[in-house]
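# Structure assessment
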Amino acid sequence: MAKPSIPKGTRDFSPSEILKRNYIFDTIKSSFIRFGFLPIETPSMEKLETLTGKYGEEGDNLIFKILNRGAKLDKAVRKVEETENLTQGKIEHILCAEALRYDLTVPFARYVVQHQNDIAFPFKRFQIQPVWRADRPQKGRYREFYQCDADVIGSNALLHEIEFIQLFDEVLSNLHIPKVVIKVNNRKILSGIAEITGESERIIDITTAIDKLDKIGAEKVVEELIQRGIGDDAIDIIKPLFDLNGSLQEILTEMKTILSGSEIGLKGIEELEFVFNAVEKIGLRTARVEFDVTLARGLNYYTGAIFEVKVEGVSIGSICGGGRYDDLTGIFGLKNISGVGISFGADRIYDVLEELNLFPTFKNASTQLLITNFGDDVVQFLPLIKQLRDAGINTEYYPDKVKLQKQMKYADAKAIPFVLFAGEDEIKNNTYRLKNMDTGAQTDLSFDEMINTLKANI
RNA sequence: GUGGAUGUAGCUCAGCUGGUUAGAGUAUCGGUUUGUGGUUCCGAGGGUCGUGGGUUCGAGUCCCAUCUUCCACCCCA
């Protein structure tokens with residue numbers, strides 16, 4: 001028999017890992033709730049047609065498709081055999097009707113359109129569920145991972161952009177992550193750049209090229225622009241973007257000059273300015289906000305603000321993302337509804353906390369008191385155990401009659417803070433010997449004294 | 001999807017130019033005289049050397065394929 005193993009890019013989670021992960025979830029969740037978001041869940045799988053075309057061509061290839069089964073599959077296979085000139089994408093659509101969700105935003109858009117009559121707009125929802133991507137795994141990149149999304153749909157107010165920046169700051173501060181940089185851009189600015197270069201249709205080529213600026217440098221970006229067929233005149237207009245520096249305000253002022261010929265570009269600047277001023281006024285706890293013209297992100301449904309959050313000095317890519325999408329629900333038939341949202345990458349945050357050694361110790365997460373087994377009749381201990389549990393103490397009784405040494409080792413391995421030595425005599429005399437596993441000290445106590453001691457120490 | 005590296009006990013690794021029953025540390029289990037752990041000492045179990053082929057008298061060690069993990073690209077949380 002082959003060694004048991006799991007598919008690549010997936011992971012098992014042991015008890016200690018679940019504790020750590022729940023710590024992240026709980027932190028994110030409580031902030032979501034504080035900002036007024038309500039929880040929903042959607043199925044792991046969606047209809048394939050719901051997902052395709054929303055993430056760009058690359059994204060479509062990364063969607064896990066679910067093969068049809070039984071008679072449907074037979075029929076589909078026959079159709080594939082009989083049809084000529086099929087592309088890979090077309091074959092997939094014949095053979096597969098369903099797929100695992102790729103993110104939480106598109107299923108949410110589908111949800112909103114489907115339940116529009118039951119929803120009071122603006123609708124603020126949060127959702128913490130796994131997503132799947134048929135990617136090639138690497139560090140911090142999995143094929144099954146959790147996203148924690150908060151979105152507002154049905155409101156154009158820039159208030160949300162401000163609040164999302166605060167939300168990033170609050171959550172990541174509560175997790176004690178240092179050197180957090182929230183990068184912000186606006187799709188309208190990118191459109192403006194494309195417009196003034198006279199290459200409006202080439203916006204994707206331009207943005208994906210300049211997106212690499214901090215990674216490969218200005219020279220290589222120019223090379224890539226040339227390679228992508230962008231004209232010299234256009235490149236001359238784009239070049240000044242590479243060495244923008246100074247304060248936020250100075251950069252924005254310079255951007256205004258560069259984009260003076262583009263109405264949409266100036267609109268983007270205006271929006272950003274409003275958001276930045278508000279954020280500056282209110283102040284952030286630990287994160288730093290940065291304007292980054294090169295920030296593009298592949299998701300082609302963004303229309304306004306674009307967010308990306310990174311941690312400086314850590315070998316893991318961005319830990320959060322988000323932005324405004326003005327017409328995502330339009331694809332599902334509900335027009336003119338603007339949405340804006342963010343996503344926390346729980347697994348990457350986990351990796352960051354692990355790398356920086358920032359997880360707290362989870363004391364008392366499980367058993368707090370172990371009662372030893374001296375081989376007495378278990379039944380007479382059940383009232384004692386019940387009383388302890390009723391008093392709010394996580395209690396377990398060692399189930400088997402084994403050497404005390406082994407019971408102590410068990411308590412040690414499970415990090416149980418207290419051990420109670422209780423035999424028939426102790427019950428009879430209402431005197432129990434309580435041992436503090438940290439200090440090794442043990443004292444003889446009555447039941448009430450014992451409860452008080454335990455409550456005071458856990 | 002493209003290119004590169006990797007894979008030996010649960011974990012971290014050793015194993016020289018192919019040569020007899022594959023080692024260490026750590027973890028696990030048992031014992032150290034039967035009601036006390038995290039430290040000592042003794043002992044045990046555990047590996048078809050990722051998997052499948054091939055070369056050879058003989059392969060953990062060479063060749064091919066395949067899978068895993070990691071790195072770069074692509075993309076992204």
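Residues numbered from 1 in each chain as written. Chains lettered and ligands numbered in written order. Predicted model: local features only at pLDDT ≥ 70, side-chain atom pairs only at ≥ 80, totals over all residues. Heavy atoms only, no water.

## Here's the deal with the packing of helix α9 (residues 203–210) against helix α11 (residues 218–227)
Put simply, the rule is: Lines fitted to C-alpha atoms define the axes, with helix axes restricted to the stretch in contact, and inter-axis angles between N-to-C directions lie between 0 and 180 degrees. Helix numbers and strand numbers start at the N terminus; a helix is a DSSP run of H or I with at least 4 residues, a strand a run of E with at least 2. Working definition: roughly parallel below 35 degrees, roughly antiparallel above 145 degrees, roughly perpendicular at 65 to 115 degrees, and oblique for all remaining angles. Throughout, a crossing is termed right-handed when the near helix is turned clockwise from the far one, and left-handed when it is turned anticlockwise from it by less than a right angle. Residue contacts are counted whenever heavy atoms from the two residues lie within 4.5 Å of one another.
It is the contact of α9 with α11, at a shortest axis distance of 9 Å, that shows an interaxial angle of 160 degrees. Overall, the two elements α9 and α11 adopt an arrangement that is roughly antiparallel. Judged by the sense of rotation from one axis to the other, the crossing of α9 with α11 is right-handed. Across from D205, I206, A209 and I210 in α9, the residues of α11 making contact are V221, E224 and L225.

## Considerations on the sheet that holds strand β1 (residues 38–39)
Inclusion rule: Being paired, for any two strands, means DSSP has found at least two bridges between them.
Spatial ordering of the open sheet is given by β1-β5-β6-β11-β10-β9-β7-β8, a layout of eight strands whose pairing is mixed. Sheet topology places β1 and β8 (288–291) at the edges, where each strand pairs with a single neighbour. Two elements, β1 and strand β5 (residues 123–132), share two bridges in a ladder whose sense is parallel. Following the sheet pairing, P39 is matched in β5 by F126.

## Side note on the pattern of salt bridges
In a structure, side chains of opposite charge can pair up when their charged atoms sit close to one another. Rules: Salt bridges are defined by distance alone: a side-chain nitrogen of Lys or Arg within 4 Å of a carboxyl oxygen of Asp or Glu. Each residue gets one of three labels from its accessible area relative to the maximum for its type: buried under 20%, exposed over 50%, partly exposed in between, using a 1.4 Å probe on protein chains only.
Counted according to the given criterion, the structure contains 25 salt bridges. For the salt bridge of K20 with E354, the shortest nitrogen-to-oxygen distance reads 3.2 Å. Taken together, the residues K20 in helix α1 (residues 15–34) and E354 in helix α15 (residues 346–355) connect sequence positions 334 residues apart. On the accessibility criterion, E354 (38% relative accessible area) is partly exposed. Note that R324 is salt-bridged to E161, the shortest N-O span being 2.7 Å. Of this pair, R324 sits in strand β10 (residues 320–325) while E161 sits in helix α7 (residues 159–174); the two residues are 163 residues apart in sequence, bridging distant segments of the chain. Of the two residues, R324 and E161, both sit in the buried class. Among the charged side chains, a network of salt bridges with common partners joins R202, D205, K212, E224 and R228.

These figures come from the coordinates and say nothing about function on their own.
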